[in-house]
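Here is how the chains run, residue by residue.
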Amino acid sequence: MASVTFDHVSKQYGNVTAVNDLDLQIGDREFLVFVGPSGCGKSTSLRMLAGLEEISAGTIYIGEQAINGVEPKDRDIAMVFQSYALYPHMTVYENMAFALKLRRMDTAQIDRRVRRAAEILSMTELLQRKPKQLSGGQRQRVAVGRAIVREPKVFLFDEPLSNLDAKLRVQTRAEITKLHRDLGTTFIYVTHDQTEAMTMGTRIAVMKDGVLQQVDTPQNLYEKPVNIFVAGFMGSPSMNFFAAKVTAAEGRLHVEGNGFQLSIPDRFKEPLTGYVGQTVTLGIRPENIHDAALAPHHLQGSTLSARVDLTELMGNEVFLYLLLNDTPFVARVDPRTRARSGNTLAVTIDLTQLHFFNQETTRAIR
Ligand code: ADP
């Protein structure tokens, strides 16, 4: 049993609250990703679990056991860091065996564990090399191997891919996901990169300013963000936001803002009725804005005229940086688009995919 529970956990550094009342249950064998901008408290959360930081308030459990007073080495967890910190004078084999030797494990068992980990990570042929004879990606794998040989109940990863180049990052991402599947152990992973979080986590915990904002599956976070922060943080390019006034006419609701008026599908009617006459924040993801000439036929859409500021060809799609009057927004459109900088373009907004937020509380309206 290797569930992990943060029970109202806080961390103070002097008068800085790095983690504020974190309440989170992570299930056995789950792959939970902490994500958020730099300084939001994700590493501190992980480091408290690892025993590298004291817990100021609350309790952390591994399984049923409260671990606040337990020595780091007795917590049965293994951590992979951003800096691999391999011993340069030792071979890969020795690097992986080192922690087990310290524990006075017998040589035959150490050998079994190191060879099995090397096999899992496809690096048996590297075991006799020294770290300086390895690429960045291979060093990173040794660091993971060092964690695997300990056969911990919980694996912790603190931004393990930050030092790798873009291509290797994508590849290693897939390897870690596969490793999770093969080992069947609880993984807790910290990153500032929302793409990593979306692609790897079975659940994602989004943090801001030390406060857990939302924890859910990648799909639910993306489709049903609880507030403007989560909506803007998850997804790239980010969701577009517009100030919009809610109006009612002829039994229908509309939202209008600087250069647009949209009629609202019936499913938003109930939550928005209380906002008639008020201004809300309208959120539209870039992929829900189409080049009108290429929009799908079935779309329940509304078409606006925008000025094209910049186009970015991504290969399978084009990012359009657009202006609606003076309000900038981004669309991800079909690569066949004829949009060119400086031109005017008709864009169609998918009205079924709108998001609305209370302007004051920033919470989702639904
Ligand atoms: P993240 O991992 O999300 O980038 P951290 O958990 O490292 O964020 O930090 C959270 C907050 O705690 C930040 O404001 C940071 O400056 C502060 N902090 C982290 N470590 C210390 C420390 N040893 N002393 C003082 N403040 C710290």
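Parameters at a glance
- Residues numbered from 1 in each chain as written.
- Predicted model: local features only at pLDDT ≥ 70, side-chain atom pairs only at ≥ 80, totals over all residues.
- Heavy atoms only, no water.
- Helix = DSSP H or I, 4+ residues; strand = E, 2+ residues; numbered from the N terminus.
- Buried < 20%, exposed > 50% of the residue type's maximum accessible area, 1.4 Å probe, protein only.
- Contact = heavy atoms within 4.5 Å.
- Areas by Shrake-Rupley, 256 points an atom, 1.4 Å probe, with all protein chains shown as cover.
- Lys, Arg positive; Asp, Glu negative; His and termini not counted.
- Charge placed at Lys NZ, Arg CZ, Asp CG, Glu CD.
- 1 Å grid on protein atoms, 1.4 Å probe; cavity = no way out; pocket = protein on both sides within 12 Å on 5 of 7 lines; lining within 4 Å.
- Points joined across faces, edges and corners; volume = space filled by probe spheres on them.
- Nonpolar A, V, L, I, M, F, W, Y, C, P; charged D, E, K, R; others polar.
- Domains from an automatic or database assignment.
- Buried area = accessible area lost by both parts, 1.4 Å probe.
- Polar contact = N/O pair within 3.5 Å; in protein donor to acceptor, adjacent residues only side chain to side chain.
- Near = heavy atom within 4 Å.
- Axes fitted to C-alpha atoms, helices over the stretch in contact; angles between N-to-C directions.
- Parallel < 35°, antiparallel > 145°, perpendicular 65-115°, else oblique.
- Left-handed = near helix turned anticlockwise from the far one by under 90°.
- Phe/Tyr/Trp six-rings, centres within 6.5 Å; stacked < 30°, edge-to-face > 60°.

Student: Help me understand the overall build of the chain in this model?
Tutor: For the chain, the count of helices and strands is nine helices and 20 strands. Considered along the principal axes of its C-alpha atoms, the chain spans approximately 80 × 45 × 35 Å. Split into buried and exposed, the 366 residues of the chain put 49% on the buried side. Of the contacts formed within the chain by residues at least 6 apart in sequence, a portion of 67% connects residues at least 24 apart. Split by element, the accessible area of the chain, about 17,600 Å² in all, is 47% carbon and sulfur. In the chain, which carries 41 positive and 40 negative side-chain charges, the distance between the mean positions of the two groups comes to 6 Å.

Student: Honestly, empty space enclosed by the protein in this entry has me stumped. Any pointers?
Tutor: If a probe the size of a water molecule is rolled over the atoms, the empty space left behind becomes visible. For the coordinates displayed, the defined rule picks out two cavities of 30 Å³ or more. Here the largest cavity is characterised by a volume of approximately 40 Å³. Lining the largest cavity, in full, are Leu121, Gln140, Arg141, Val144, Thr172, Glu175, Ile176 and Leu179. Looking at the lining of the largest cavity, the elements that each hand over two or more residues are helix H4 (136-148) and helix H5 (166-183). Element by element, the count of residues in the lining of the largest cavity is highest for H5, at four residues. Residues belonging to the lining of the largest cavity are distributed by class as follows: four nonpolar, two polar and two charged. Of the pockets and cavities examined, the second largest cavity occupies roughly 30 Å³. Around the second largest cavity sit Phe242, Phe260, Leu282, Ile284, Leu304, Leu324 and Ile349, which together line it.

Student: I'm lost on the layout of surface pockets in this one. Help?
Tutor: Reported here for the largest pocket is a volume of approximately 680 Å³. Together, 23 residues line the largest pocket, and Met79, Phe81, Ala99, Arg146 and Arg150 are the ones closest to its centre. By residue class, the composition of the lining of the largest pocket is 16 nonpolar, two polar and five charged. Volume-wise, the second largest pocket comes out at about 380 Å³. Taken together, 19 residues form the lining of the second largest pocket, with Glu223, Lys224, Arg267, Leu354 and His355 sitting closest to its centre. It is strand E20 (residues 355-357) that provides the largest number of residues to the lining of the second largest pocket, a total of three residues. By residue class, the composition of the lining of the second largest pocket is nine nonpolar, four polar and six charged. Counting only domains with at least three residues in the lining of the second largest pocket, you end up with domain 1 (4-233) and domain 2 (240-357).

Student: What exactly am I supposed to notice about the domain arrangement of the chain here?
Tutor: How large an interface is tends to be reported as the accessible area lost when its parts come together. Domains assigned within the chain are domain 1 (4-233) and domain 2 (240-357). The distance between the C-alpha centroids of domain 1 and domain 2 comes to 39 Å. Taken together, the contact pairs seven residues of domain 1 with six residues of domain 2. It is Tyr222, Ile228 and Ala231 in domain 1 that bury the most area against domain 2; as a group they hold 75% of the surface buried on that side. Our count for the domain 1 to domain 2 interface comes out at three residue pairs in polar contact (both at pLDDT 80 or more). Of all the elements in the fold, those that place two or more residues in the side of domain 1 that touches domain 2 are helix H7 (218-223) and helix H8 (228-233). The element contributing the most residues to the side of domain 1 that touches domain 2 is H8, with three residues. Broken down by class, the residue content of the side of domain 1 that touches domain 2 amounts to four nonpolar, two polar and one charged.

Student: How do you make sense of the site of the ligand when you look at a structure like this?
Tutor: Every residue close to the ligand is listed here: Tyr13, Ala18, Pro37, Ser38, Gly39, Cys40, Gly41, Lys42, Ser43 and Thr44. In this structure, an oxygen atom belonging to the ligand sits 3.0 Å away from a main-chain N or O atom of Cys40. Starting from 560 Å² of accessible surface for the ligand in isolation, the protein chains cover 58%. For the shell around the ligand, the leading source of residues is helix H1 (residues 42-50), giving three residues. In terms of residue class, the shell around the ligand is made up of four nonpolar, five polar and one charged.

Student: Got a minute to help me understand the packing of H4 against H5 in this structure?
Tutor: Each pair of packed helices gets described by two things: the angle between the helix axes and the distance between those axes. Running from amino to carboxyl end, H4 crosses H5 at an angle of 20°, the nearest separation of the two axes being 11 Å. Judged on the interaxial angle alone, H5 and H4 are roughly parallel. The interaxial crossing formed by H4 with H5 has right-handed handedness. Here Gly137, Gln140, Arg141, Val144 and Ile148 of H4 lie close against H5, whose contacting residues are Leu168, Thr172, Glu175, Leu179 and Leu183. Class assignment of the residues belonging to the contact of H4 with H5 gives a composition of five nonpolar, three polar and two charged.

Student: What is the right way to look at the packing of aromatic side chains in this model?
Tutor: The geometry of an aromatic ring pair comes down to the distance between the two centres and the angle between the two planes. What the rule picks out here adds up to 13 aromatic pairs. For the ring pair Phe31 and Phe187, a centre distance of 5.4 Å and an interplane angle of 50° mean the geometry is tilted. With Phe31 in strand E3 (residues 31-35) and Phe187 in strand E8 (residues 186-191), this pair connects stretches of sequence that are 156 residues apart. In this pair, the class of Phe31 matches that of Phe187, namely buried. Geometrically, the ring pair formed by Phe242 and Phe329 is edge-to-face, given 5.7 Å between the ring centres and 65° between the ring planes. One end of the pair, Phe242, is in strand E11 (residues 240-249); the other, Phe329, is in strand E18 (residues 327-333), with 87 residues separating them in the sequence. The buried category is assigned to Phe329, whose relative accessible area is 3%. Cluster of aromatic residues (ring-pair linked, three or more members): Phe31, Phe155, Phe157, Phe187 and Tyr189.

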